[in-house]
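Each chain, letter by letter, is given below.
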Amino acid sequence: MSTYGLKNLLAPRSVALVGASPRKGSVGRAILGNIQKSQFKGEFGLVNPRYSEIDGSSAAGSLAELSFVPELVVITAPATSIPGLIDEAGRRGAAGAVIISAGLGHGPGSLANGTEKAAQKYGMRLIGPNCLGIMMPGANLNASFSAHMPNKGSLALISQSGAIAAGMVDWAAQRAVGFSGVVSIGDQLDVDIADLLDYFALDAETQAILLYIEAIKDARKFMSAARAAARIKPVVVVKSGRMAQGAKAAATHTGALAGSDAVYDAAFQRAGVLRVSDLRELFDCAETLGRLKSPPGKRLVILTNGGGIGVLAVDRLVELGGVPAAMTPEIWAKLDAVLPPTWSGSNPVDIVGDAGPARYAAALEVLLADSGNDAVLVMNVQTAIARADEIAGAVTEIVRNYREQRRELSKPVLAVWIGADQKISALLSGAGIPNYPTEDDAVRGFMHLVRHREAVEVLAQVPPAMPSSFAPDTEGARRIVADALADDRQWLDPIEIKRLFDAYDIAMVPTYAATDAEQAVAQASVILAQGSTVVLKIMSRDIVHKSDVGGVVLNLTSADAVRAAMSDILARAKTMRPDARISGVMVQAMVLRPKARELILGLADDPTFGTVMVFGCGGTAVEIINDKALALPPLDLQLARSMIERTRVSRLLRAYRDVPAVKEDAVAMVLVKLAQMAADIPEIRGLDINPLLADETGVLAVDARTAVGRVERKFRGSGPANFAVRPYPSQWQRHLEVKDGWRVFVRPIRPEDEPLIHEFLRHVTSHDLRLRFFASMKEFSHDFIARLTQLDYARAMAFVAFDEITNELLGVVRIHSDSIYESGEYGILLRSDLKGRGLGWALMQLIIEYAKSEGLKAISGDVLTENTVMLAMCRSLGFEVESDPAEHDICSVRLAL
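Quick caveat: nothing in here was measured; it's all calculated off a predicted structure. (Residues numbered from 1 in each chain as written. Predicted model: local features only at pLDDT ≥ 70, side-chain atom pairs only at ≥ 80, totals over all residues. Heavy atoms only, no water.)

## Some points on the overall build of the protein chain
Here is step 1 of the chain: On a plain count of helices and strands, the protein chain comes out with 28 helices and 38 strands.
Here is step 2 of the chain: Radius of gyration (C-alpha) of the protein chain: 32 Å, near the 29 Å computed for a compact globule of 897 residues.
Here is step 3 of the chain: In the protein chain, which comprises 897 residues, the proportion classed as buried is 57%.
Here is step 4 of the chain: Partitioning the intrachain contacts of the protein chain with sequence separation of at least 6 by distance along the chain shows that 71% fall at a separation of at least 24. (Helix = DSSP H or I, 4+ residues; strand = E, 2+ residues; numbered from the N terminus. Rg over C-alpha atoms; globule rule 2.2 N^0.38 Å. Buried < 20%, exposed > 50% of the residue type's maximum accessible area, 1.4 Å probe, protein only. Contact = heavy atoms within 4.5 Å.)

And the structure:
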């Protein structure tokens, strides 16, 4: 797995610091001081051939001279020495290193390349180079040059910037927010964001994960890890470089709309990651997520002694998509019984400016017991009548008692004490109540909790089925693109586009090509005879936007008008673009749909995330209006609907005044078909339909451009070469026959299989569970099963087997690749009453076949020595079986592919 060896780095039992220095102001001296102050409990040694002792600690001349084998080596030595140091550490038996030093360079022949090769030779994991270091409060380890060691807590921070990591630690120290780990990843020579997401997602001490990202190196790996982590706990990201102008030179409207930062937004949304705009919002997110769990809904009730600030909070709540909790007559009566007659009588619950601790406590008790809200925001504006600290004390006492009674069922409580001093903030924080300087910050904090819950729900949704009538002519479409590439062209001509769209059942206005006036007249005559008028459009692979050169003429009603229009179009194009290659004109029927909406749909090619879907308001001013939504394919109908709903133009798709609603799902289906087209034909590098006319009768593409090019595989593994998110691998569905004619159906696992897994586990004995999980397993939580069922098939695969007659789940086999996609670790579990019937053998053969297709070089696993049946099967399948030298009751098995 990508977490291989990370525990040795992040919770080591022994540490060596190479490059420690007595020089004040040096990085080595700072890290030595931090390790000493953090009171690391394991063995610790220094390596510096120039000194025998540094700051009271003895130093060895080399790693070989240490009296112990360090699990983790922290390196601050000069860059030129690092490849040799890593090789020495590997020979010594170190599990990994944190490389603080910078200046290793990049690419073949660089110091970084030599360092990486040395680490791979010994299976070492590396963090860095060029990083701040790591801070792991649970392990009492501060191997960084940060000014402070964070308190122990439940937040993990992964940062590409050392300064951001250090700043977060300083902020957290003032707010009593603690961390389960802080890792500055630097240049990500080995361990990257995805690896650490995997690690902290499975870490029981981590409640939420914070990310600071500048750029992502391996988008498919990141998306896989982020989606897996976000299903389990909140993942929040700040991404810098939001204003980068990545679309200036785009050749299509779609490409211009799909700017670099907008694509990151789409990726984060698809992954279920919460994006915040700046460090302040990240701090607020940390304040919330470090203390609270997501509520089941988005109904917030506000308790305040100031009506104005309460109204501001409600305004912000509604603006961000939250719901002010309604008040039932029963709750109103309970509040009215404990509050003065002048209270507001509604939400926000304004208990008047003279409210003291007793009034706050009485009202809060009623609101906490009310099932009509999902969370409570308590606000206080300081007055000379009641002491703010005493009110805070009363609130914390009520909240403590409430949480003790309700435990896991308790609802979130947030606080705002306007102008409060540090003592009040510390009091609230100490009680686990997130508190904020303003009502805006608090409402945003609540909505972060809501957004996380919504993201998890979306990730776990079962995609609706595609209409059975959709059966694209994939081979015909591929031939169209292949012919264009064979002709060394970068653009399909209009006739080819029409045929391509026909292959995917995307309606397009009939289109003809004319190379001269007489040909145009002949084609126009057919259209005129049908009672329609004619449109001519310039046809040139070099002219991207036809209207920019006067290349579109509408409503032509006669042969003479067609001749004149073609002459004018060609003349204007040659004058305005003398360099352009002009093939002639397109001839189309004039489409008259007076109440149709003009939309744009398309595909763009992003250098990081591959193919991106774009939807928005169409027409000639698409870039000016800039009303768009982006998404990463593949798409199902639900994702397509969600994409459409994120735009302003989506409101116009509904009925209004005398305009009927657009035909249900007609637009969404075109998006799904385009996503399928992109999966089937990765040579399509860009496409836009502009406009797509949509009304109550359906949709019709009026104009389109399609760019093609040779496939450049962006991502490792199989699946579409240009997709950062792999589609459901339906091609791996199998009907198998095992012993005695027993037939089983095997397919890749899906999120909706969770109930089936729970039922399946009831048929597995405790002994077999211990053999599989190496521990006694009495119960399986939703989170545990969700990790098994909710895969994205990029780095992990699981197959589930069903009886073809009873449809009962019989067994599961899975594999997870390592961080460099060379080896995979397998696991298998069968119903205990079905062993010995050949199912295990068939599933193992299937997972081996899958691993080979993915290009993995080996499959490995750990098997308990007492599991003689599994070990015998492994030997029969050709696995090498060896005893684990460290764990005598475990055998390591490995199959070279």
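After presenting the structure, the write-up continues.
## Points about the sheet that holds strand β4 (residues 57-60)
Here is step 1 of the chain: Spatial strand order, β3-β4-β2-β1-β5-β6-β7: 7 strands in an open sheet with mixed pairing. Strands with a single pairing partner mark the edges of an open sheet, and in this sheet they are β3 (53-54) and β7 (125-127).
Here is step 2 of the chain: Of the pairings in the sheet, the one linking β3 to β4 comprises 2 bridges and is antiparallel in character. Each residue of the ladder has a partner; that of isoleucine 54, found in β4, is serine 57. (Pairing = 2+ DSSP bridges.)

## Describing the confidence of the model for the protein chain
Here is step 1 of the chain: Taken as a whole, the protein chain shows an average pLDDT of 89; of its residues, 96% reach a score of 70 or greater.
Here is step 2 of the chain: For the protein chain, the element scoring lowest by mean pLDDT is helix α8 (residues 253-257), at 49; strand β15 (residues 299-304) scores highest, at 97. (pLDDT = per-residue confidence, 0-100.)

## So, the pattern of salt bridges
Here is step 1 of the chain: Counted according to the given criterion, the structure contains 49 salt bridges.
Here is step 2 of the chain: Among the ionic pairs, aspartate 195 bridges to arginine 125, the shortest N-O distance being 3.0 Å. With a gap of 70 residues between them, aspartate 195 in helix α6 (residues 193-201) and arginine 125 in strand β7 connect regions that are remote in the sequence. Each member of the pair, aspartate 195 as well as arginine 125, carries the same accessibility label: buried.
Here is step 3 of the chain: Residues aspartate 665 and arginine 641 are paired through a salt bridge, measuring 2.8 Å at the closest nitrogen-oxygen approach. Here aspartate 665, found in the loop between α22 (637-645) and α23 (666-680), pairs with arginine 641, found in helix α22; they are 24 residues apart in sequence, far enough to count as distant.
Here is step 4 of the chain: On the basis of relative accessible area, arginine 641 is assigned to the partly exposed category, the value being 29%. (Salt bridge = Lys/Arg side-chain N within 4 Å of Asp/Glu carboxyl O.)

## Side note on helix α9 (residues 260-271)
Here is step 1 of the chain: Relative to the 16 Å expected for 12 residues at 1.5 Å per residue, α9 spans 17 Å between its end C-alpha atoms, a close match to the ideal helical length.
Here is step 2 of the chain: The set of residues buried in α9 consists of Asp261, Val263, Tyr264, Ala266, Ala267, Phe268, Arg270 and Ala271.
Here is step 3 of the chain: Looking one or two residues past α9, glycine 272 carries a phi angle of roughly 80°, positive in sign. (Expected span 1.5 Å × (residues − 1).)

## A word on a negative patch on the surface
Here is step 1 of the chain: On the surface, a cluster of negative charge is made up of Glu825, Asp862, Glu887 and Asp889.
Here is step 2 of the chain: Relative to the elements of secondary structure, aspartate 889 occurs in the loop between β37 (880-883) and β38 (890-896).
Here is step 3 of the chain: Residue aspartate 889 is classed as partly exposed on the basis of its relative accessible area, which comes to 43%. (Patch = residues over 30% accessible without salt bridge, like charges linked within 9 Å, V, L, I, M, F, W, Y side chains within 5 Å. Areas by Shrake-Rupley, 256 points an atom, 1.4 Å probe, with all protein chains shown as cover. Lys, Arg positive; Asp, Glu negative; His and termini not counted. Charge placed at Lys NZ, Arg CZ, Asp CG, Glu CD.)

## With respect to unusual backbone geometry
Here is step 1 of the chain: Residue proline 348 is reached from asparagine 347 by a cis peptide bond, and omega for that bond is 10°.
Here is step 2 of the chain: Here proline 348 is to be found in the loop between α12 (329-338) and β17 (349-350).
Here is step 3 of the chain: Phi angles above zero are rare outside glycine, and aspartate 665 is one such case at about 65°.
Here is step 4 of the chain: With a relative accessible area of 22%, aspartate 665 lands in the partly exposed category.

## Here we look at the side chain of serine 184
Here is step 1 of the chain: Take serine 184: it is sitting in strand β11 (residues 179-184).
Here is step 2 of the chain: Looking at serine 184, its side chain comes within polar contact range of the main-chain nitrogen of leucine 132, at 2.9 Å.
Here is step 3 of the chain: Every residue in contact with serine 184, bar those within four places of it in the chain, is listed here: Ile127, Cys131, Leu132, Gly133, Ser159 and Gly162. (Polar contact = N/O pair within 3.5 Å; in protein donor to acceptor, adjacent residues only side chain to side chain.)

## Regarding the packing of α6 against helix α7 (residues 219-232)
Here is step 1 of the chain: Remark: α6 packs on α7, axes separated minimally by 8 Å, with the N-to-C direction vectors making an angle of 20°. Viewed along their axes, α6 and α7 adopt a mutual orientation that is roughly parallel. Between α6 and α7 lies a crossing whose hand is left-handed. Across from Ile193, Ala194, Asp195, Leu197, Asp198 and Ala201 in α6, the residues of α7 making contact are Lys221, Phe222, Ala225, Ala226, Ala229 and Ile232.
Here is step 2 of the chain: Classifying every residue of the contact of α6 with α7 by side-chain character gives 9 nonpolar, no polar and 3 charged. (Axes fitted to C-alpha atoms, helices over the stretch in contact; angles between N-to-C directions. Parallel < 35°, antiparallel > 145°, perpendicular 65-115°, else oblique. Left-handed = near helix turned anticlockwise from the far one by under 90°. Nonpolar A, V, L, I, M, F, W, Y, C, P; charged D, E, K, R; others polar.)

## As for the sheet that holds strand β22 (residues 534-540)
Here is step 1 of the chain: Spatial ordering of the open sheet is given by β21-β24-β22-β23, a layout of 4 strands whose pairing is antiparallel. Looking along the sheet, the strands with just one partner apiece sit at the ends: β21 (511-514) and β23 (552-556). On average, each strand axis in the sheet is tilted by 25° relative to the strand beside it, whichever way the strands run.
Here is step 2 of the chain: Contacts from helix α18 (residues 494-503) reach β21, β22 and β24 (582-589), with the element oriented near 160° to β21.

## Here's the deal with the pairing of strand β12 (residues 208-213)
Here is step 1 of the chain: Of all 6 residues that make up β12, 6 are buried, and the element is covered over most of its length.
Here is step 2 of the chain: Burial along β12 is two-sided: the face carrying Ala208, Leu210 and Tyr212 and the face carrying Ile209, Leu211 and Ile213 are both buried.
Here is step 3 of the chain: Relative to β12, strand β10 (residues 152-159) runs parallel, the two being bridged by 5 bridges. The residue bridging serine 159 from the neighbouring strand is tyrosine 212, located in β12.

## Focus on the packing of aromatic side chains
Here is step 1 of the chain: Enumeration over the complete set of coordinates arrives at 12 aromatic pairs.
Here is step 2 of the chain: Between phenylalanine 222 and phenylalanine 268, the ring centres sit 6.2 Å apart and the planes meet at 70°, which makes this aromatic pair edge-to-face. Here phenylalanine 268 lies in helix α9 and phenylalanine 222 lies in helix α7, a separation of 46 residues in the sequence. One exposure class covers both phenylalanine 222 and phenylalanine 268, and it is buried.
Here is step 3 of the chain: Between phenylalanine 799 and tyrosine 850, the aromatic rings sit 5.9 Å apart at their centres with planes inclined by 85°, giving edge-to-face as the arrangement. Pair noted here: phenylalanine 799 is in strand β33 (residues 796-803) and tyrosine 850 is in helix α27 (residues 839-853), with a separation of 51 residues, a long-range link. Here phenylalanine 799 and tyrosine 850 have matching classes, each one buried.
Here is step 4 of the chain: Feature note: the residues Phe222, Tyr264, Phe268 and Phe609 constitute an aromatic cluster, connected by ring pairs.
Here is step 5 of the chain: Above the ring of tryptophan 742, the side-chain terminus of arginine 837 is found at 3.9 Å from the ring centroid. (Phe/Tyr/Trp six-rings, centres within 6.5 Å; stacked < 30°, edge-to-face > 60°. Lys NZ or Arg CZ within 6 Å of the ring centre and 35° of its normal.)

## Details of helix α13 (residues 357-368)
Here is step 1 of the chain: The terminal C-alpha atoms of α13 lie 16 Å apart, and with 12 residues this matches the ideal 16 Å at 1.5 Å per residue to within 8%.
Here is step 2 of the chain: Where burial is concerned, most of α13 is hidden: 9 out of the 12 residues are buried.
Here is step 3 of the chain: Where α13 is concerned, the buried positions are Arg359, Tyr360, Ala361, Ala362, Ala363, Leu364, Val366, Leu367 and Leu368.
Here is step 4 of the chain: In this structure, the buried residues of α13 make contact with β15, α12, β17, β18 (375-381), α14 (388-406) and β19 (413-418).

## Thoughts on the nonpolar core
Here is step 1 of the chain: Among the nonpolar cores identified, the biggest contains 66 residues, and Leu10, Ile134, Leu197, Phe200, Leu211, Phe222 and Phe609 are the most heavily contacted of them.
Here is step 2 of the chain: Looking at this core, the element that brings in the most residues is α7, giving 8 residues.
Here is step 3 of the chain: Those residues in contact with leucine 10 that lie beyond four places of it in its chain are Ile127, Ile134, Met136, Ala139, Val183, Leu196, Tyr199 and Phe200. (Core = buried A, V, L, I, M, F, W, Y, C linked by side-chain atoms within 4.5 Å.)

## Thoughts on the side chain of aspartate 703
Here is step 1 of the chain: Mapped onto the fold, aspartate 703 is located in the loop between β29 (698-701) and β30 (704-708).
Here is step 2 of the chain: Side-chain polar atoms of aspartate 703 contact the side chain of lysine 546, separated by 3.1 Å.
Here is step 3 of the chain: Aside from chain neighbours lying at most four places away, what touches aspartate 703 is Met508, Lys537, Lys546, Met586, Asp688, Ile689, Asn690 and Pro691.

## Description of the packing of α27 against helix α28 (residues 868-876)
Here is step 1 of the chain: Two elements in contact, α27 and α28, have axes whose closest approach is 11 Å; the angle formed by their N-to-C orientations is 50°. Between α27 and α28, the angle falls in the class oblique. Seen from above, α27 lies across α28 with right-handed handedness. In this structure, α27 uses Gly840, Trp841 and Met844 to contact α28, whose residues at the interface are Met870, Met873 and Ser876.

## Remarks on the environment of glycine 855
Here is step 1 of the chain: Mapped onto the secondary structure, glycine 855 falls in the loop between α27 and β36 (858-864).
Here is step 2 of the chain: For glycine 855, a relative accessible area of 45% puts it in the partly exposed group.
Here is step 3 of the chain: Each C-alpha atom of the pair glycine 855 and arginine 716 lies 8.9 Å from the other, and the pair is 139 residues apart in sequence.

## Some remarks on the environment of glutamine 676
Here is step 1 of the chain: Residue position: glutamine 676 is located in helix α23.
Here is step 2 of the chain: The exposure class assigned to glutamine 676 is partly exposed, which follows from its relative accessible area of 33%.
Here is step 3 of the chain: Measuring from C-alpha to C-alpha, the distance between glutamine 676 and leucine 635 comes to 7.9 Å, with 41 residues separating the pair along the chain.
Here is step 4 of the chain: Look past the residues within four positions of glutamine 676 in its chain and what remains in contact with it is Phe470 and Tyr504.

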